[in-house]
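Architecture at a glance
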Amino acid sequence: GTAHTDKELVSSLMQRITLLEQKIEKQAQEIKLKDRRIAELEEKMKTLQKGEDAPDSSAVEELEMRCLELQTQVWEMERFLNDYGLIWVGEGHDQLEDSESLKDEELTRSLWKPGEAVVSKHQIDFDLILENVKDLNVLAGKNTCYIEHTPGGARLRQPEPLSLTLYQNGIITFSGAFRPYEDPSTQQCLQDIMDGYFPSELQTHYPDGIPLQVTDRRDMVFQERHLLPGSFPGQGQVVGRSKSSEVQETTEIPGPKLPLEKFLNKLSESSEHSGEAMSVQDSARAAQQSSDGARSSKEILVETPRLAALERTKPAEEAEASAPAACTLRIRSESGEQIYTLRMLVKETIGDLRQHLACARGGDSDSYEIISTFPQRVYMDNSRSLQECGLVPSASLLLRRR
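Here's what I pulled together on the structure shown here.

Parameters and conventions
What you see as residue numbers is a count from 1 along each chain, following the sequence as written. Totals for whole chains, interfaces and linings use all residues, but because this is a predicted model, local features are given only for residues with pLDDT of at least 70 and pairs of side-chain atoms are given and counted only at 80 or more. Values shown for side chains rest on all heavy atoms present in the structure; no hydrogens or waters enter the calculation. Helix and strand definitions here come from DSSP, where helices need a minimum of 4 consecutive H or I residues and strands a minimum of 2 consecutive E residues; each element is numbered from the N-terminal end. Burial classes follow relative accessibility: with a 1.4 Å probe on protein chains only, a residue under 20% of its type's maximum area counts as buried, one over 50% as exposed, and anything between as partly exposed. Note on contacts: a residue pair qualifies if any of its non-hydrogen atoms lie within 4.5 Å across the two residues. Only the protein chains shown count as cover for residues, with accessible areas throughout obtained via the Shrake-Rupley method and a probe of 1.4 Å. When DSSP finds two or more bridges between two strands, those strands count as paired. Axes, fitted as lines to C-alpha atoms, cover a helix only where it is in contact. Angles between the N-to-C directions of the axes lie from 0 to 180 degrees. Salt bridges, as used here, are contacts in which a Lys or Arg side-chain nitrogen is within 4 Å of a carboxyl oxygen on Asp or Glu. Take the number of residues in a helix, subtract one, and multiply by 1.5 Å to get its expected span. Arc definition: directions from the helix axis to the C-beta atoms. For the purposes of these results, a polar contact is taken to be a pair of N or O atoms within 3.5 Å, where, inside protein, one atom must be able to donate a hydrogen and its partner to accept one; residues adjacent in sequence count only when each atom of the pair is a side-chain atom.

Notes on the overall build of the protein
Scanning the protein for helices and strands turns up eleven helices and 16 strands. Counting the 402 residues in the protein, one finds 24% classified as buried. Within the protein, contacts between residues at least 6 apart in sequence are counted, and of these 62% link residues at least 24 apart. Per element, the accessible surface of the protein, about 29,700 Å² overall, is 53% carbon and sulfur.

Written out as structure tokens, the structure is:
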């Protein structure tokens, strides 16, 4: 019985040892597979790490091209500055930080909004305006002469400057009306000058610029006249008091007053009336000569055969009775300094009138034109009678140089 028990025990141990050996062998194979897997994963990890560290070739080329473009641009900018004798010094790190912090605020201020003025009264730099006007006058050719062609040849002439007066509350340009600073056109005019340009409102008439003559009256307030009927236009003074004020007041429009002839020479427009041309110069001269009573003109009585015969043969009453057969003409010379009074038959012609004027003036009868103002008309046909021309019983005429 004991021997049988030992055999069973040995057999059981052998079975267990066999199972353990099988299990160990199986585990050894699994370990080998896992080691192989780990090795493969480590190799992949190394490969990925090498790929991340290595830069992309296309990105490198793009960065190199961008760097070359920037270098070329910097070189061109330095060459441009060098042509004008300038050197770019750049900005410090602190200045760049400050500029970035104020960038949004400056951008908001610089943006223009509808309804806001271009330049306010407190932003007007009078000294800058005076300094820029000097530079603009040099560009416009101040103190330089140009050749002006005249009917008799040519002459040297300097450009006439336009006046600009600066007041505390506005400006007066070109001897015109007062323009307050609140006016958008005034603000634009001053802004153009402060920016170093000619006023844009002058570009149409003076595309090449025009010299400006500035009068600085910034310490004076211009007062426009708004008088009531019967009000006293002057300023009152109180007895025992003295008027003291740092700011003066004025109502006078600055600028030289042009003589009539010089003003008329500036007019070059013309109008048409009844198919015959009548220049604006003649209309203005006629209106000025007829309305200006203070201007002295020399009256010249021209002796005509008809007038002499009537005075010898008939008394004054009969002469008045026969007036419808004659007409009285008052003719003003080209300069307006002489007035010729003629009495002629209504049947006499424009040619007869020219002959009488030639005898009185001692000049050529074809060097001038005979015109009327109202209606505007030029009498060029020497064969037409005075009655056909509508110059009866009296008329006022003008002489105009051809």
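Let's talk about the pairing of strand β4 (residues 170-173)
Of the two faces of β4, the one carrying Gly170 and Ile172 and the one carrying Ile171 and Thr173 are both buried. As judged from the three bridges shared by strand β3 (residues 162-167) and β4, these two strands associate in the antiparallel manner. Within β4, the residue paired with Thr165 across the bridge is Ile172. Summarising the sheet, β4 and strand β5 (residues 178-180) pair through three bridges and their orientation is antiparallel. Within β5, the residue paired with Ile171 across the bridge is Arg179.

Some details on the sheet that holds β3
Across the sheet, which stays open at both edges, the four strands sit in the order β5-β4-β3-β6 with mixed pairing between neighbours. For this open sheet the edge positions go to β5 and β6 (212-217), each flanked by a neighbour on one side alone. The sheet shows a mean angle of 20° between the axes of neighbouring strands, taken without regard to direction. Against the sheet, helix α5 (residues 126-139) engages β3 and β6, with an angle of about 160° to β6. Along the sheet face, helix α6 (residues 184-194) touches β3, β4, β5 and β6 and points at about 85° away from the line of β5.

Considerations on the pattern of salt bridges
Scanning the entire structure with this criterion turns up nine salt bridges. The partner of Arg402 in a salt bridge is Glu369, and the shortest N-O contact between them spans 3.7 Å. Of the two residues, Arg402 is situated in the segment after β16 (394-401) and Glu369 in strand β14 (residues 368-372); the sequence distance between them amounts to 33 residues. For Arg402, a relative accessible area of 56% gives the class exposed. Residue class for Glu369 comes out buried when judged on its relative accessible area of 13%. By sharing partners, the salt bridges in this structure join Asp127, Asp216 and Arg218 into a single network.

Structural notes on helix α2 (residues 57-83)
The α-helix winds at 3.6 residues per turn, so residues separated by three or four positions along the chain end up facing the same way. Its 27 residues give α2 an end-to-end C-alpha distance of 39 Å, which sits within 8% of 39 Å, the value for a rise of 1.5 Å per residue. At the exit of α2 stands Gly85, carrying a positive phi of roughly 70°.

Description of α5
In a regular helix each residue adds 1.5 Å, so 14 residues correspond to 20 Å; α5 covers 20 Å between its end C-alpha atoms and thus fits that length. Every buried residue belonging to α5 is among Phe126, Ile129, Asn132, Val133, Leu136 and Asn137, and all of these are buried. With its buried residues spanning 145° around the axis, α5 presents them on a single face. Facing away from the buried surface of α5 by more than 90 degrees, the exposed residues are Lys134 and Val138. Buried residues along α5 sit in contact with β3, α6 and β6. Capping the start of α5, Asp125 holds a side-chain oxygen 3.3 Å from the backbone nitrogen of Asp127, two or three residues further along. Gly141 occupies a position one or two residues after α5 and carries a positive phi of about 85°.

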